[in-house]
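Residue-level structure breakdown
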Amino acid sequence: MTHKIVVIGADAAGMAAAHQALRAARRTGREVSIVAYEATSHTSYSACGLPYLVAGQVDSQEALVARTAEQHRAAGIDLRMGTRVTAVDLDARTLTAQGHHGVEETGYDDLVIATGAAPVVPDWAQDEDGDPLPGTGAVSTLDDGREWLDRMAAGGDVIVAGGGYIGLEMVEAALARGHRCTLLTRGRFMHTLDSEMRQRLVETMRKAGVDVREGAEVTGLDVEAGRVTGARTADGQHVPGELVVLAMGLSPRTELVSGQVPLGRRGGLLPDSRGRVDPARGVWAAGDCCEVHHRLLDEPHFLPLGTHANKLGRAMGDNLADPDSRLTFDGALGTAITRFVGGDQYLEIAMTGLTEEVAGEAGLDVLAATLEGNTASGYMPEAEPIAIKVVAERSTRRLLGAQIMGGHGAGKRIDAAAATLWLGGTVDDLAWMDLAYAPPFATAWEVLSVAARRVAERL
Ligand SMILES: Cc1cc2nc3c(=O)[nH]c(=O)nc-3n(C[C@H](O)[C@H](O)[C@H](O)COP(=O)(O)OP(=O)(O)OC[C@H]3O[C@@H](n4cnc5c(N)ncnc54)[C@H](O)[C@@H]3O)c2cc1C
């Protein structure tokens, strides 16, 4: 009998799962049918590219689309666009969906929840009807990207509210479009970095003319004649600006099943490494609606990144159609990379594992060192400054984390540190492993190895 899989949410996690389930079904000779519901009119696009679309570095919205609805359908997925799932009964294995054609109710054998996460939109950014104030909006969907292109074309000073990587990337976009820009953040900017590393980024942004204000919680917007004219902060500051980017974090979209399955500390679903949430009731989940296993802290963390959505989605799809599947998603380390470009300033920012601050809070006895060097041999024109911080555990010499800031070619060095962490390596491993060297790319002693060696020598 045909096994019916229903997917809610047709972007990274949901579609990775759907296609891999079809591949696994072909491999194992099983018969599966897949129905996917997508509330919006967009599927399988790179939200990660939105800031670069807004900046004008990506030619068109279409360039961000990895697979069209027609391509999904041609592969054998019954994709229902513009159709929102409004209710799910996990005990009865039924759901209700509402779209252009009215309301439908359907049953399933397995349910994939891939509903993503919703950007936080505070009350002060909305009018009485709950609509966003003019000039104000998040950066989450393709439609948001198009709206930001239009808003920036209309001109005005930009305020970015929120101190994470999306806020940082939207600052870059605003500068690229010729806007003045202020970044306001309630707590510390880029809190996934240790203070002194973060400070390097803040200084670079200030050199590019960005007004970075930490500890500045936005509590309201000034509106005159229906137009936003500025933001007010809890400590009494008035910041002028006509355009307000809301980059204040995300919350997992789990309302369809909350109360029916356990949720994590941040409200995310808690799938295992195969994507199973509740095997007895055929419930699976992946992507930003979930928390993922943090390999170092050994607990679920909310790390809403496309790289995790794609990996767990694919592993889950394989397991959906093959009970003997070998694919599992074995957690995350908090590895991330971004960059800042403004005026003549260019900085790549990358991190993996625990910061010195977080490792200390977790009760680990840590030793850390920061090294400044070059991305290439000093005599080469490619050479640019790089700073690397390495964090290790004293008693075991285990690598706990690394943070990198520097010029072109600096950031992706984080992958060697992430691989070492993934395999449970020590700072000695990282100091002595066989990393590539030629003058245009590195120094004879690779700077990441030297940073690790510096920690190793002090242990
Ligand atoms: C500006 C920006 C930059 C980013 N940059 C990076 C980056 O550099 N690196 C990185 O790894 N990640 C990045 N990300 C994160 C990455 O885009 C997400 O982690 C990824 O899209 C998550 O995929 P998902 O399938 O879980 O959720 P989503 O992509 O959010 O998809 C969920 C889908 O479910 C649909 N849906 C929700 N509820 C329902 C319902 N009830 N019925 C029907 N459909 C529903 C939604 O409409 C949506 O299409 C970025 C995100 C943004 C916004």
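Residues numbered from 1 in each chain as written. Predicted model: local features only at pLDDT ≥ 70, side-chain atom pairs only at ≥ 80, totals over all residues. Heavy atoms only, no water.

A separate point is the sheet that holds strand β5 (residues 94-99). Judged by pairing direction, the sheet is antiparallel, and its three strands sit side by side in the order β4-β5-β6 without closing on themselves. Strands at the two margins of the open sheet, each flanked by one partner only, are β4 (84-89) and β6 (102-107). Each strand of the sheet is rotated relative to its neighbour by a mean of 20°, with strand direction disregarded. Bridging between β4 and β5 involves five bridges; their strand directions are antiparallel. Residue pairing in the sheet places R84 in a bridge with Q98 of β5. (Pairing = 2+ DSSP bridges. Helix = DSSP H or I, 4+ residues; strand = E, 2+ residues; numbered from the N terminus. Axes fitted to C-alpha atoms, helices over the stretch in contact; angles between N-to-C directions.)

Annotation of the protein at the domain level lists domain 1 (3-47 + 65-117 + 251-321), domain 2 (121-248) and domain 3 (347-458). Centre-to-centre, using C-alpha coordinates, domain 2 lies 32 Å away from domain 3. On the side of domain 3, 13 residues touch domain 2, which itself brings 13 residues to the contact. With both sides pooled, the region where domain 2 packs onto domain 3 buries about 1200 Å², and carbon together with sulfur makes up 58% of that total. (Domains from an automatic or database assignment. Contact = heavy atoms within 4.5 Å. Buried area = accessible area lost by both parts, 1.4 Å probe.)

A separate point is the sheet that holds strand β9 (residues 136-138). If you trace the five strands from one edge of the open sheet to the other, you get β9-β16-β10-β11-β12, paired in parallel fashion. At either end of the open sheet lies a strand with only one pairing partner, and these are β9 and β12 (211-214). In this sheet, neighbouring strand axes are inclined to one another by 20° on average, regardless of whether the strands run parallel or antiparallel. Of the pairings in the sheet, the one linking β9 to strand β16 (residues 243-246) comprises three bridges and is parallel in character.

In the vicinity of the ligand, 31 residues are found, and the nearest of them are D11, E38, D288, L305 and G306. A114 is positioned with one of its backbone polar atoms (N or O) 3.5 Å from an oxygen atom of the ligand. One of the backbone nitrogen or oxygen atoms of L305 is found 3.4 Å away from an oxygen atom of the ligand. Taken by itself the ligand offers 1000 Å² of open surface, and the protein chains cover 88% of this. When contributions to the shell around the ligand are tallied by element, the ones reaching two or more residues are α1 (12-28), β4, α5 (165-176) and α7 (306-321). Here the element with the most residues in the shell around the ligand is α7; it accounts for three residues. In the shell around the ligand, the residues fall into 17 nonpolar, nine polar and five charged. If you count residues domain by domain, the shell around the ligand takes at least three from each of domain 1 (3-47 + 65-117 + 251-321) and domain 2 (121-248). (Near = heavy atom within 4 Å. Polar contact = N/O pair within 3.5 Å; in protein donor to acceptor, adjacent residues only side chain to side chain. Areas by Shrake-Rupley, 256 points an atom, 1.4 Å probe, with all protein chains shown as cover. Nonpolar A, V, L, I, M, F, W, Y, C, P; charged D, E, K, R; others polar.)

One finds L201, M205, F340 and I349 to be the most contacted residues of the largest nonpolar core, which totals 40 residues. Breaking this core down by element, the ones donating at least two residues are α2 (50-55), α4 (142-154), β10 (158-161), α5, β11 (181-185), α6 (195-207), β16 and β23 (345-353). Domain assignment of the residues forming this core places at least three in each of domain 2 (121-248) and domain 3 (347-458). Core analysis: the next-biggest nonpolar cluster, separate from the first, contains 34 residues, L296, A369, A418 and A456 among them. (Core = buried A, V, L, I, M, F, W, Y, C linked by side-chain atoms within 4.5 Å. Buried < 20%, exposed > 50% of the residue type's maximum accessible area, 1.4 Å probe, protein only.)

Turning next to the pairing of strand β22 (residues 336-342). Relative to β23, β22 runs antiparallel, the two sharing seven bridges. Bridging from a neighbouring strand, V341 pairs with Y346 of β23. Counted between consecutive antiparallel strands, the loop separating β22 from β23 contains two residues, among which G343 sits at a positive phi close to 55°.

This part takes up the packing of aromatic side chains. One pass over the structure, following the stated rule, counts one aromatic pair. When the ring of W432 is compared with that of W445, the centres are 5.2 Å apart and the planes differ by 80°; the resulting orientation is edge-to-face. A residue pair is termed long-range when its members are at least 10 positions apart, and W432 in helix α10 (residues 427-432) and W445 in the loop between α10 and α11 (447-458) qualify at 13 residues. Its relative accessible area of 62% is what places W432 among the exposed residues. Lying across the ring of W148, R151 places its NZ or CZ 4.5 Å from the centre. The residue whose ring lies beneath R453 is W445, and the NZ or CZ to ring-centre distance is 4.2 Å. (Phe/Tyr/Trp six-rings, centres within 6.5 Å; stacked < 30°, edge-to-face > 60°. Lys NZ or Arg CZ within 6 Å of the ring centre and 35° of its normal.)

A separate point is the environment of V366. Examined against the element boundaries, V366 turns out to sit in strand β24 (residues 366-374). Of the residues examined, V366 reaches a relative accessible area of 15% and is grouped as buried. If near-sequence neighbours (up to four positions away) are discounted, V366 is found in contact with E356, A359, V391, A392, R394 and L400.

Turning to unusual backbone geometry, a few remarks are in order. A positive phi angle is found at D298, which is not glycine, with a value near 55°. Relative to the helices and strands, D298 is located in the loop between β20 (292-294) and β21 (299-301).

Moving on to α4. The end-to-end C-alpha distance of α4 is 19 Å, a good match for the 18 Å that 13 residues give at a rise of 1.5 Å each. Three or more residues of α4 are buried, namely L142, D144, G145, W148, R151 and M152. Along its buried surface, α4 packs onto α2, β9, β10, α5 and β16. A positive backbone phi angle near 90° is found at G155, which sits one or two residues after α4. (Expected span 1.5 Å × (residues − 1).)

Moving on, we come to the pattern of salt bridges. Opposite charge on two side chains allows them to pair when their charged atoms are near. For the structure on display, the rule yields 27 salt bridges. Of the charged contacts, one joins R146 and D143 as a salt bridge, the two residues approaching to 3.3 Å between their closest N and O atoms. With R146 and D143 both in helix α4 and three residues apart, this pair spans about one turn of that helix. Judged by relative accessible area, which is 37%, R146 ranks as partly exposed. When the shortest N-O distance is used, the salt bridge between E147 and R151 registers 3.1 Å. Of this pair, E147 and R151 both sit in helix α4, four residues apart, which is roughly one turn of the helix. For R151, a relative accessible area of 15% puts it in the buried group. Three or more residues are tied together by salt bridges with common partners; here these are D194, E196, E356 and K389. (Salt bridge = Lys/Arg side-chain N within 4 Å of Asp/Glu carboxyl O.)

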